[in-house]
Amino acid sequence: MKKKSIQLAIAVVAVVGCVQAMMSEPVVNIGKRHGELRAAQEAIVSSFAHISTAQANNNDELGGHAAKAKEYLIKADAELRLAADVANRR
């Protein structure tokens, strides 16, 4: 019973984290324990910033493609966080 409660709590935290990530900018929140995942997350954060600058420089007139790219980066950021969480449970 206790194991199911722990698994449920982890699932709830993961879902909440995904929802929060989808509603905000990506952030580096993976520790140094997972260096490659952290490096990938840092690249996502940098890419997001570059796209934001490109949007500003082009008066947000990029046909919605830059915004779509940012959505994908936010999703990728959330997936990396979940990957680190799975690795932490092992």
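Above this text sits the structure in question.
(A) Fine view of helix α3 (residues 65-89). The end-to-end C-alpha distance of α3, which contains 25 residues, comes to 37 Å, matching closely the 36 Å that a straight helix rising 1.5 Å per residue would cover. For α3, the set of buried residues is A66, K70, L73, I74, D77, A78, L80 and A84.

(B) Inspection of unusual backbone geometry at higher detail. You will see that N59, though not glycine, has its phi angle at about 55°, which is positive. Of note, N59 is situated in the loop between α2 (35-57) and α3. The backbone of D60 sits at a positive phi, close to 55°, despite the residue not being glycine. Examined against the element boundaries, D60 turns out to sit in the loop between α2 and α3.

(C) The arrangement of α2 in detail. If you check α2, its first and last C-alpha atoms are 33 Å apart, about what 23 residues at 1.5 Å a residue would give, namely 33 Å. Considered for burial, the residues of α2 that qualify are Q41, I44, F48, I51 and Q55. Looking one or two residues past α2, N59 carries a phi angle of roughly 55°, positive in sign.

The rules behind the values
Residues numbered from 1 in each chain as written. Predicted model: local features only at pLDDT ≥ 70, side-chain atom pairs only at ≥ 80, totals over all residues. Heavy atoms only, no water. Helix = DSSP H or I, 4+ residues; strand = E, 2+ residues; numbered from the N terminus. Expected span 1.5 Å × (residues − 1). Buried < 20%, exposed > 50% of the residue type's maximum accessible area, 1.4 Å probe, protein only.

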